[in-house]
Amino acid sequence: EKQGFKHFMLKEIYEQPGVVRDCLEAYFNSDWIANDSNVAPINLGLPPEIYNDVEQIQIVACGTSWHAALIGKYLLEHLAQIPTQVHYASEFRYAPSPLTPNTLIIGVTQSGETADTLAALEMEKERRKEQQPKFQARLLGITNRPESSLGRMLPNIINTLAGIEIGVAATKTFVAQVMAFYALALDLAYLRKTVSSAKLQEIINGLRQIPGEIEGLLETQEKYIEELVHEFNETKDFIFLGRGINFPIALEGALKLKEISYIHAEGYPAGEMKHGPIALLDEKVPVVAIAMPGTVYEKVISNAQEAKARDSRLIGVTPIRDGEAGDIFNDLIPVPAVDELLSPILAVIPLQLLAYHIAARRGLDVDQPRNLAKSVTVE
Ligand code: M6R
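To start, this report covers the structure provided alongside it. Predicted model, so just to flag it, every value in this text is computed and none were measured.

**Some thoughts on the pattern of salt bridges**
Okay, step 1: Taken as a whole, this structure holds 18 salt bridges when the rule is applied.
Okay, step 2: A salt bridge links Glu124 to Arg128, with the nearest nitrogen and oxygen atoms 2.8 Å apart. Remark: Arg128 and Glu124 occur in helix 5 (residues 115-129); sequence separation between them is four residues, near one turn of the helix. Here Glu124 and Arg128 have matching classes, each one buried.
Okay, step 3: Among the charged side chains, a salt-bridge network with shared partners connects Lys11, Glu15 and Lys172.

So this is what it looks like as structure tokens:
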């Protein structure tokens, strides 16, 4: 069933364009025309009560789903102007935020079986039930398994449509979770009129280009990355830098690498380097900088320069080319320049490939890494 791929993880990386297409088709209404109020642009099939008067959003998740939630927070705050907090489910269980009125609680779990996420949601449901109506929980699950325990617990679900994922490292389910957050944030933005129809149209048009762009990336980058990883046979530590909406991608790149290659890797918001972690850098520690055009582009470039000055090998995930500012990078993994809000879904692809090829080259069991299970059903 690996359809010619050496591992399920690689097969699942290659399934991502199709997953994004399926999400686009399911969540976005192709009949929508800007300024035509008869048709809504997004259809998630959710009851209006869970959206009405929402003043804040709290999201609980673990691992890669927590990274998708961080991107979700950026989108919900930026597009829909709703204050949003993201919690590790394992922390929230024992230190929940104070109750706030009119709060939407979102649980993100691809398997729908993660014990900490289920327990955090159950706790939130119960403690809100005891309070006045305005504190009652509006609960929403984002999952790839609507038939799971999460699906049975919550009446409102966004189904992430990635199909079954076998590799322990989440890839296509992450991309599908991010798609669910685009749809949710844009739906709320549309209902609250916090973005113009023109901007909405522009973002949706951009999203429709994403599957083709991922295909292009896979086609042009995979062989290059497979070659590049020869440089890292002896590498014991990696640093990933990103900022803004791509900070969670730095975290995700580091998590992918550590879980399947057992290399120590850390993701940082690039501006935090100078507050401590920069002391780690030398010629033995490569730095992957995610530099996508937008608000913090120049900032990331100058943070990358600081790493270069400490002799780190610098790998750029960026549309910049050699001869431009790209000269600072030792290795360039080009990604298309897109609207900043859409950039994480492209930037993550080379990082998945990088982790995959480093682990595969080391002869490791990519699909079943040591000490890990596909879903963590114990606390
Ligand atoms: O099924 P879930 O999304 O709730 O799983 C949460 C984490 O265990 C999971 O994302 C884990 O971090 C991934 N295997 C990382 O690739």
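**Regarding the packing of helix 2 (residues 16-27) against helix 7 (residues 172-192)**
Okay, step 1: Running from N to C, helix 2 and helix 7 cross one another at 25°; their axes reach a closest spacing of 9 Å. Judged on the interaxial angle alone, helix 7 and helix 2 are roughly parallel. Crossing angle aside, the handedness with which helix 2 passes helix 7 is right-handed. On helix 7, the residues touching Gln16, Val19, Val20, Cys23, Leu24 and Tyr27 of helix 2 are Lys172, Val175, Ala176, Met179, Ala180 and Ala183.
Okay, step 2: For the contact of helix 2 with helix 7, the per-class residue count stands at ten nonpolar, one polar and one charged.

**Structural notes on the packing of helix 7 against helix 11 (residues 343-361)**
Packed helices, taken two at a time, are described by the angle between their axes plus the distance between the axes.
Okay, step 1: In the contact formed by helix 7 and helix 11, the axes pass within 11 Å of each other and the chain directions differ by 175°. In terms of orientation, helix 7 and helix 11 fall into the roughly antiparallel class. When helix 7 is examined against helix 11, the residues Phe174, Val175, Val178, Met179 and Tyr182 are found in contact with a partner set consisting of Pro344, Ile345, Val348 and Gln352.
Okay, step 2: Class assignment of the residues belonging to the contact of helix 7 with helix 11 gives a composition of eight nonpolar, one polar and no charged.

**Examining the sheet that holds strand 7 (residues 264-269)**
Okay, step 1: Pairing in this open sheet of five strands is parallel, and the strands run 7-6-8-9-10 from one edge to the other. Looking at strand neighbours, the two that pair on one side only are strand 7 and strand 10 (331-334), the edges of this open sheet. Recorded for the sheet is a direction-independent mean angle of 20° between the axes of neighbouring strands.
Okay, step 2: Judged from the six bridges that link them, strand 6 (residues 237-242) and strand 7 form a sheet pairing that is parallel. Following the sheet pairing, Phe238 is matched in strand 7 by Ala265.
Okay, step 3: Those strands touched by helix 9 (residues 247-261) are strand 6, strand 7 and strand 8 (287-290), and its axis lies near 175° from that of strand 7.

**Some remarks on the site of the ligand**
Okay, step 1: The local shell around the ligand holds 14 residues, among which Ser65, Thr109, Ser111, Thr114 and Glu259 are the closest.
Okay, step 2: Separating an oxygen atom of the ligand from a side-chain N or O atom of Thr109 is a distance of 2.6 Å.
Okay, step 3: With respect to the ligand, the side chain of Thr114 contributes an N or O atom lying 2.5 Å from an oxygen atom.
Okay, step 4: Out of a free accessible area of 410 Å², the ligand has 90% covered by protein chains.
Okay, step 5: A breakdown of the residues in the shell around the ligand according to their chemical character gives five nonpolar, seven polar and two charged.

**A look at the side chain of Gln58**
Okay, step 1: With respect to the secondary-structure elements, Gln58 resides in strand 1 (residues 56-61).
Okay, step 2: Residue Gln58 is classed as buried on the basis of its relative accessible area, which comes to 4%.
Okay, step 3: Within the structure, Gln58 has its side chain in polar contact with the side chain of His87 (distance 2.5 Å).

**Describing the side chain of Asn102**
Okay, step 1: The topology assignment puts Asn102 in the loop between helix 4 (89-92) and strand 3 (103-109).
Okay, step 2: Judged by its relative accessible area of 13%, Asn102 falls in the buried class.
Okay, step 3: Side-chain polar atoms of Asn102 contact the side chain of Glu55, separated by 2.7 Å.

Rules used throughout
- Residues numbered from 1 in each chain as written.
- Predicted model: local features only at pLDDT ≥ 70, side-chain atom pairs only at ≥ 80, totals over all residues.
- Heavy atoms only, no water.
- Salt bridge = Lys/Arg side-chain N within 4 Å of Asp/Glu carboxyl O.
- Helix = DSSP H or I, 4+ residues; strand = E, 2+ residues; numbered from the N terminus.
- Buried < 20%, exposed > 50% of the residue type's maximum accessible area, 1.4 Å probe, protein only.
- Axes fitted to C-alpha atoms, helices over the stretch in contact; angles between N-to-C directions.
- Parallel < 35°, antiparallel > 145°, perpendicular 65-115°, else oblique.
- Left-handed = near helix turned anticlockwise from the far one by under 90°.
- Contact = heavy atoms within 4.5 Å.
- Nonpolar A, V, L, I, M, F, W, Y, C, P; charged D, E, K, R; others polar.
- Pairing = 2+ DSSP bridges.
- Near = heavy atom within 4 Å.
- Polar contact = N/O pair within 3.5 Å; in protein donor to acceptor, adjacent residues only side chain to side chain.
- Areas by Shrake-Rupley, 256 points an atom, 1.4 Å probe, with all protein chains shown as cover.

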